Amino acid sequence: LFLDEIGDMPMKTQPKILRLLEQKVYRRVGETEENSVAIRLIAATNRDLEIMVKEKCFRADLFYRLSVCTLSLPALRERKEDVPLLATYFGLKFCDEMGKSVEKIDDEALAALTAYDYPGNVRELRNIMENTVIHYKHTGTIRREDLPARMLSDVSTMSEQSSESWPIDT
């Protein structure tokens with residue numbers, strides 16, 4: 001069972017998840033009978049659950065039950081080397097789903113994709129690639145101009161800001 005954004009789970013729901021994990025039973029809404037379950041749980045969050053426990057915003061007992069094996073994965077903006085592989089994967093996936101023919105993403109498009117900061121993390125890259133494939137009208141290669149305009153304008157703004165910070169030689 002994958003619980004995404006578990007750090008956003010309301011306090012009143014947390015005991016129910018804890019009970020599911022500890023007793024391996026649940027009850028459907030409106031039923032009186034309990035059902036047993038055999039699951040492995042994976043939970044994800046972009047929040048610091050230890051701080052939330054200290055602030056009493058997340059149950060300590062649930063935190064300790066969830067943190068048996070913890071993996072920390074940096075945000076996509078901190079691992080830009082993953083962008084080309086992920087963009088290619090998502091691009092091919094959506095092409096296959098939509099019956100479109102794309103063989104590759106050109107270097108300029110990959111450079112723009114890599115330069116972007118992805119405030120929405122991998123989900124945003126996935127969305128960008130889905131949007132690109134939906135609007136793609138050619139065959140063969142995804143080019144820079146095929147990428148969403150909103151993303152390209154952010155990349156241009158970031159480039160301008162970084163070039164403005166360089167000293168000018170006279």
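Residues numbered from 1 in each chain as written. Predicted model: local features only at pLDDT ≥ 70, side-chain atom pairs only at ≥ 80, totals over all residues. Heavy atoms only, no water.

Explain the overall build of the protein chain to me, please; I cannot follow it from the model alone.
The secondary structure content of the protein chain amounts to seven helices and six strands. Put simply, the protein chain runs from its N terminus to its C terminus through helices and strands in the order β-α-β-β-β-α-α-α-β-α-α-β-α. The C-alpha extent of the protein chain, read off along each of the three principal axes, is 70 × 50 × 25 Å. For the protein chain, the proportion of its 170 residues judged to be buried stands at 30%. Considering only contacts in the protein chain between residues 6 or more positions apart, those separated by 24 or more positions represent 66%. For the protein chain, the exposed surface amounts to about 11700 Å²; the carbon and sulfur share of it is 52%. Each charge class in the protein chain can be summarised by its mean position, and for the 24 positive and 29 negative side chains these summaries are 9 Å apart. (Helix = DSSP H or I, 4+ residues; strand = E, 2+ residues; numbered from the N terminus. Buried < 20%, exposed > 50% of the residue type's maximum accessible area, 1.4 Å probe, protein only. Contact = heavy atoms within 4.5 Å. Areas by Shrake-Rupley, 256 points an atom, 1.4 Å probe, with all protein chains shown as cover. Lys, Arg positive; Asp, Glu negative; His and termini not counted. Charge placed at Lys NZ, Arg CZ, Asp CG, Glu CD.)

Help me understand unusual backbone geometry, please; the structure alone is not making it clear to me.
Note: most residues except glycine have negative phi, and most peptide bonds are trans. For Lys56, which is not glycine, the phi torsion reads 60° and is therefore positive. Examined against the element boundaries, Lys56 turns out to sit in the loop between α2 (49-54) and α3 (60-66).

Honestly, the environment of Asp107 in this entry has me stumped. Any pointers?
Mapped onto the elements of the fold, Asp107 is located in helix α5 (residues 107-115). For the pair Asp107 and Pro84, spaced 23 residues apart in the sequence, the C-alpha separation amounts to 9.6 Å.

What exactly am I supposed to notice about the confidence of the model for the protein chain here?
Low-confidence regions, as indicated by low pLDDT, have predicted coordinates that should not be scrutinised in detail. Summary statistics for the protein chain give a mean pLDDT of 88 and a share of 91% for residues scoring 70 or more. The secondary-structure element of the protein chain with the lowest mean pLDDT is helix α7 (residues 149-164), recorded at 65, while α2 shows the highest, at 96. Confidence drops under a pLDDT of 50 for residues 161-170, and excluding neighbours within four residues, the segment shows zero contacts in the predicted structure. (pLDDT = per-residue confidence, 0-100.)

What is the right way to read the side chain of Glu124 from this model?
Structurally, the position occupied by Glu124 is in helix α6 (residues 121-135). Beyond its immediate stretch of four places on either side in the chain, Glu124 contacts Tyr116, Tyr118, Pro119 and Arg150.

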